[in-house]
Amino acid sequence: MAKMKIKKGDTVQVLTGKDKGKQGKVIAVNTETERVTVEGVGQITRHVKPGPRGTGGLVVQESPIHVSNVAIIDPADKKPTRVRTRVEQVERDGRTKTTRVRVAARSGKDI
């Protein structure tokens, strides 16, 4: 299981499938199955029985899609890009700490 480079709240574009080209915000990330749920993408209709929490009926919701089928949007030119990491030395309160920063491979800007 590889480390996922897409986080909750990122804006991504779908690369394959019926929603190819659509952009949306990541709602949820599942690292075990390597899937992300994107707002407004991959919508399915579920039939829900009425229960104690509320009424039933047809519910439209997003289904998770594999992380390899989405690409993060570059903040500079609003096009899909790959993600790289840059290691920085941060000095705070007299201590030096190394942190990783996500960087767009296309433009070099921080994500």
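Residues numbered from 1 in each chain as written. Predicted model: local features only at pLDDT ≥ 70, side-chain atom pairs only at ≥ 80, totals over all residues. Heavy atoms only, no water.

- As recorded by an unreviewed UniProt entry, the protein chain carries the name Large ribosomal subunit protein uL24 and is attributed to Nostocoides vanveenii.
- Comment text from UniProt for the protein chain, heading Subunit (unreviewed entry), reads "Part of the 50S ribosomal subunit."
- Check the Sequence similarities (unreviewed entry) section of the UniProt entry for the protein chain; it says "Belongs to the universal ribosomal protein uL24 family." (UniProt positions renumbered as here; feature names shortened; annotations may be inferred.)

### Let's talk about the overall build of the protein chain
In step 1: In terms of helices and strands, the protein chain carries zero helices and ten strands.
In step 2: Walking the protein chain from its N terminus toward its C terminus, one meets helices and strands in the order β-β-β-β-β-β-β-β-β-β.
In step 3: Relative to a compact globule of 111 residues, whose C-alpha radius of gyration would be 13 Å, the protein chain shows 18 Å and is clearly more extended.
In step 4: The burial tally for the protein chain puts 25% of its 111 residues in the buried class.
In step 5: Put simply, 40% of the contacts in the protein chain that link residues at least 6 apart link residues at least 24 apart.
In step 6: Just so you have it, the protein chain exposes about 8,200 Å², and 47% of that area is on carbon and sulfur atoms. (Helix = DSSP H or I, 4+ residues; strand = E, 2+ residues; numbered from the N terminus. Rg over C-alpha atoms; globule rule 2.2 N^0.38 Å. Buried < 20%, exposed > 50% of the residue type's maximum accessible area, 1.4 Å probe, protein only. Contact = heavy atoms within 4.5 Å. Areas by Shrake-Rupley, 256 points an atom, 1.4 Å probe, with all protein chains shown as cover.)

### Topic: the side chain of Arg-102
In step 1: Structurally, Arg-102 can be placed in strand S10 (residues 95–104).
In step 2: For Arg-102, the side chain forms a polar contact with the main-chain oxygen of Lys-5, separated by 2.8 Å.
In step 3: Residues in contact with Arg-102, not counting those within four places in the same chain, are Lys-5, Ile-6, Lys-7, Asp-10, Ile-72, Val-83, Arg-84, Lys-109, Asp-110 and Ile-111. (Polar contact = N/O pair within 3.5 Å; in protein donor to acceptor, adjacent residues only side chain to side chain.)

### As for the pattern of salt bridges
In step 1: Enumeration according to the criterion identifies five salt bridges in this entry.
In step 2: Here Arg-106 ties to Asp-77 by a salt bridge, and the two come within 3.8 Å at their closest N and O atoms. You can see Arg-106 sitting in the segment after S10 and its partner Asp-77 sitting in the loop between strand S7 (70–73) and strand S8 (80–81), a full 29 residues away along the chain.
In step 3: Judged by its relative accessible area of 47%, Arg-106 is partly exposed.
In step 4: On the accessibility criterion, Asp-77 (33% relative accessible area) is partly exposed.
In step 5: Arg-86 is paired through a salt bridge with Glu-88; the nearest N and O atoms lie 2.7 Å apart.
In step 6: The exposure class assigned to Glu-88 is partly exposed, which follows from its relative accessible area of 29%. (Salt bridge = Lys/Arg side-chain N within 4 Å of Asp/Glu carboxyl O.)

### As for the nonpolar core
In step 1: Ranked by size, the top nonpolar core spans eleven residues in total: Met-4, Ile-6, Val-12, Val-14, Val-26, Val-36, Val-38, Val-41, Ile-65, Val-67 and Val-70.
In step 2: Contributions of two or more residues to this core are made by strand S1 (11–14) and strand S3 (35–38).
In step 3: With residues up to four places along the chain from it excluded, the contact list for Val-67 reads Met-4, Ile-6, Glu-34, Arg-35 and Val-36. (Core = buried A, V, L, I, M, F, W, Y, C linked by side-chain atoms within 4.5 Å.)

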